[in-house]
Amino acid sequence: MKNARFFCLLLTVLFATPAAAQQSLDALVDREIAQLVSTYKMLHGAPELSHYEDKTSAYFAAQLRSFGYTVTEHVGKYDRPQFSGYGVVALLKNGAGPTVLIRTDIDALPVEEKNDVPYASKVKTKNESGQEVSVMHACGHDIHMTSMIGTAKILAALKDQWRGTLIIIGHPAEETVDGARAMLADGLYTRFPKPDFTMGLHDSADVEAGKITYTPGYAMASSTSVDVIMRGLGGHGSKPEATKDPVVLASQFVLALQTIVSRENSPLDPAVVTVGSIHGGTKRNIIPDEVVLQLTIRTYKEEVRQHIIASLERIAKGVASAAGIPEDRSPIVKVIESENAPSLYNDPQLTERIATAISKGIGSENVIKAPPLMASEDFGHLSLDHQIPSCYFWLGAIEPSRVDASKKSGKPLPSLHSSLFQPLPEPTLRTGVKAMTSAVLELMKK
Ligand SMILES: [Zn+2]
Ligand SMILES: [Zn+2]
């Protein structure tokens, strides 16, 4: 009897050590992994476009509800009233302690899958312009959702190891970068508790499954969409003296723009100005009235972004005025606020703390610091302009032999958004669940 009591005490002490907690996490992931792989394949076969995540959000909500979370669906108000909000907010309250928000995005892309796997997506749907398009989880948001489902279930089972309020969100319309803003506009931080920390993960198309990479500080750039209408005075192609040719103006404008980053901006502040689309005219012998240009601007710092917007307005007007365009035909520069995403800043101290916690879970050789990217996403909105400390890390998703072969041959692997992007489900999900669960336990531990 005495021995039995001693044994129980020993077990309790052992279980309370970090090593035992790690063992229990490993055992729980082992128990869940087969189910998670089949959940992933099911979600992969049923992708839905941004703003139309009806069934995906309902499934995600039902899963979290079944684990004991208090779940609210249809969170999200868009500027455009034709879109419904399919955001999901799930709460698990566990006494006094920090409030931590973790997010998964839930939407897919208009891409036709070319992977030869039995669970490949065959889904076709109509996009918002009524065209038929194929749909694929080509950015791996199905990996994120499944990792989050595993994390949610395990954290509910490990309630004795943490305290505070855990918020899990299903974030719609990430690909169109308006989903986070729509959730905030619908009271994400007023109807629900405002978090002390926010975290997210994203799969990586060039890192081996089993590894995590992270970037303290600026990790992704802000993205600003700008349209410029370069207006001229059209006429006959054989009579340029009677016109003001907007094709020439647009050409000068594109070249002059190149001096913003190279001559006006500090080389220590990364920035990109890309003209991705230029359209004007209908026929060889007609000088058109206008040319429309579509631009994207990428920066880390807000002041750099503002400087670039002001410069491109100035250059557009300067080019037009040098050509003698009358004031009432001066260029129109439109910044499309609904398509903007803020930069993503990983709080350095928090990020190092999370990286250390993840290292304990998956081995420090599998947790690697990575350089920042000029790509963008709207996770940054959730930090309210860097007011809430945030950490967003990358989840390796590719079969290691494919990564090796690509490094040897120099032939790049299919990127995110490619019809051939193909995560390796089991090790990726295992690492995703362990990493996010370890990160949450670190912030909320008793
Ligand atoms: Zn994505
Ligand atoms: Zn994407």
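That block above? That's the structure.
First things first, this report covers the structure right here in the doc.

**Focus on the sheet that holds strand S17 (residues 367–369)**
On the basis of which strands lie adjacent, the open sheet formed by 8 strands has the order S1-S2-S6-S3-S7-S18-S8-S17 and mixed pairing. Only two strands of the sheet have a single neighbouring strand rather than two, namely strand S1 (70–75) and S17. Neighbour to neighbour, the strand axes of the sheet diverge by 25° on average, direction disregarded. In this structure, S1 lies alongside strand S2 (residues 87–94), joined through 4 bridges in antiparallel fashion.

**A short note on the sheet that holds strand S14 (residues 290–299)**
Across the sheet, 4 strands lie side by side as S12-S14-S10-S15; this open sheet has antiparallel pairing. The two strands at the open ends of the sheet, each matched to only one other strand, are strand S12 (271–280) and strand S15 (332–335). The sheet shows a mean angle of 20° between the axes of neighbouring strands, direction not considered. With 4 bridges joining them, strand S10 (residues 222–231) and S15 adopt antiparallel strand pairing. Within the sheet, the bridge partner assigned to Ile229 lies in S15 and is Ile332. Along the sheet face, helix H7 (residues 302–322) touches S10, S12, S14 and S15 and points at about 160° away from the line of S14.

**Focus on the coordination of the zinc ion (ligand 2)**
Protein ligation of the zinc ion (ligand 2) involves Cys139 (SG), Glu175 (OE), Glu175 (OE) and His417 (NE2), the donor distances falling in the range 2.0 to 2.6 Å. Note that the zinc ion (ligand 2) binds 4 donor atoms; their angles at the metal cover 54 to 148°, and the shape is irregular. Within one chain, the residues serving as donors to the zinc ion (ligand 2) are arranged as C-x35-E-x241-H. The distance between the zinc ion (ligand 2) and the zinc ion (ligand 1) comes to 3.1 Å, and Cys139 binds to both of them. Here Glu175, found in the loop between strand S6 (164–171) and helix H5 (179–185), pairs with His417, found in the loop between helix H9 (400–409) and helix H10 (425–444); they are 242 residues apart in sequence, far enough to count as distant.

**Things to note about the coordination of the zinc ion (ligand 1)**
Only Cys139 (SG), His141 (NE2) and His202 (NE2) from the protein reach the zinc ion (ligand 1) as donors, at distances of 2.0 to 2.3 Å. Along the chain, the residues donating to the zinc ion (ligand 1) fall in the pattern C-x1-H-x60-H. For His141, a relative accessible area of 0% gives the class buried.

**With respect to the pairing of S2**
Of all 8 residues in S2, 7 are buried, a share of seventy percent or more. Bridge count for S2 against S6 is 7 bridges, and the pairing is antiparallel. Paired with Leu91 across the strands is Ile167, a residue of S6.

**A word on the pattern of salt bridges**
With the rule as written, the count across this model stands at 18 salt bridges. As a salt-bridge pair, Glu32 and Arg31 come within 3.7 Å of each other at their nearest N and O atoms. Using a relative accessible area of 7% as the deciding quantity, one classes Glu32 as buried. Accessibility expressed as a relative area gives 60% for Arg31, which makes it exposed. Among the ionic pairs, Arg314 bridges to Glu264, the shortest N-O distance being 2.7 Å.

**What about the pairing of strand S3 (residues 99–105)?**
With respect to burial, S3 is a largely interior element, 7 of its 7 residues being buried. Taking every second residue as pointing to the same face, both faces of S3 are buried, with Thr99, Leu101, Arg103 and Asp105 on one and Val100, Ile102 and Thr104 on the other. Pairing between S3 and S6: 7 bridges, direction parallel. Looking at the pairing, Asp105 lines up with His171 of S6.

**Observations concerning the nonpolar core**
One broad rule of soluble globular proteins: the nonpolar side chains tend to lie buried together. Grouped together as the largest cluster of nonpolar side chains are 57 residues, with contacts concentrated most on Tyr69, Leu166, Ile168, Met199 and Phe393. Ranked by residues supplied to this core, first place goes to H10 with 9 residues. In this view, Ile168 contacts Phe60, Leu64, Tyr69, Val88, Val89, Ala90, Ile102, Met148 and Ala152; residues no more than four positions away in its chain are not counted. If you look at the next biggest cluster of nonpolar residues, it comprises 24 residues, including Val228, Ala316, Ile325 and Val333.

**Some points on the side chain of Glu442**
Of note, Glu442 is situated in helix H10. Judged by its relative accessible area of 14%, Glu442 is buried. For Glu442, the residues in contact, after removing those within four places along its chain, are Arg353 and Ala357.

**Concerning the side chain of Thr215**
Following the sequence through the fold, Thr215 ends up in the loop between strand S8 (212–214) and strand S9 (217–220). Here the side chain of Thr215 touches Ala370 through a polar contact of 2.8 Å, landing on its backbone oxygen. The residues contacting Thr215, other than those within four sequence positions of it, are Asn346, Thr351, Ala370, Pro371 and Pro372.

**Some thoughts on helix H3 (residues 54–66)**
If you check H3, its first and last C-alpha atoms are 19 Å apart, about what 13 residues at 1.5 Å a residue would give, namely 18 Å. Residues Thr56, Ser57, Phe60, Ala61, Gln63 and Leu64 constitute the buried set of H3. The buried residues of H3 occupy an angular sector of 160° when the element is viewed end-on, so they sit on one face. Turned more than 90 degrees away from the buried face of H3, the exposed residues are Lys55 and Ser66. Contacts made by the buried residues of H3 are with S1, S2, S3, helix H4 (141–157) and S6. Immediately downstream of H3, the backbone of Gly68 shows phi near 100°, a positive value.

Calculation rules
- Residues numbered from 1 in each chain as written.
- Chains lettered and ligands numbered in written order.
- Predicted model: local features only at pLDDT ≥ 70, side-chain atom pairs only at ≥ 80, totals over all residues.
- Heavy atoms only, no water.
- Pairing = 2+ DSSP bridges.
- Helix = DSSP H or I, 4+ residues; strand = E, 2+ residues; numbered from the N terminus.
- Axes fitted to C-alpha atoms, helices over the stretch in contact; angles between N-to-C directions.
- Contact = heavy atoms within 4.5 Å.
- Donors = N, O, S within 2.8 Å, 3.2 Å for Na, K, Ca; no water.
- Tetrahedral: all angles 85-135°; square planar, octahedral: opposite > 155°, others 65-115°.
- Buried < 20%, exposed > 50% of the residue type's maximum accessible area, 1.4 Å probe, protein only.
- Salt bridge = Lys/Arg side-chain N within 4 Å of Asp/Glu carboxyl O.
- Core = buried A, V, L, I, M, F, W, Y, C linked by side-chain atoms within 4.5 Å.
- Polar contact = N/O pair within 3.5 Å; in protein donor to acceptor, adjacent residues only side chain to side chain.
- Expected span 1.5 Å × (residues − 1).
- Arc of directions from axis to C-beta.

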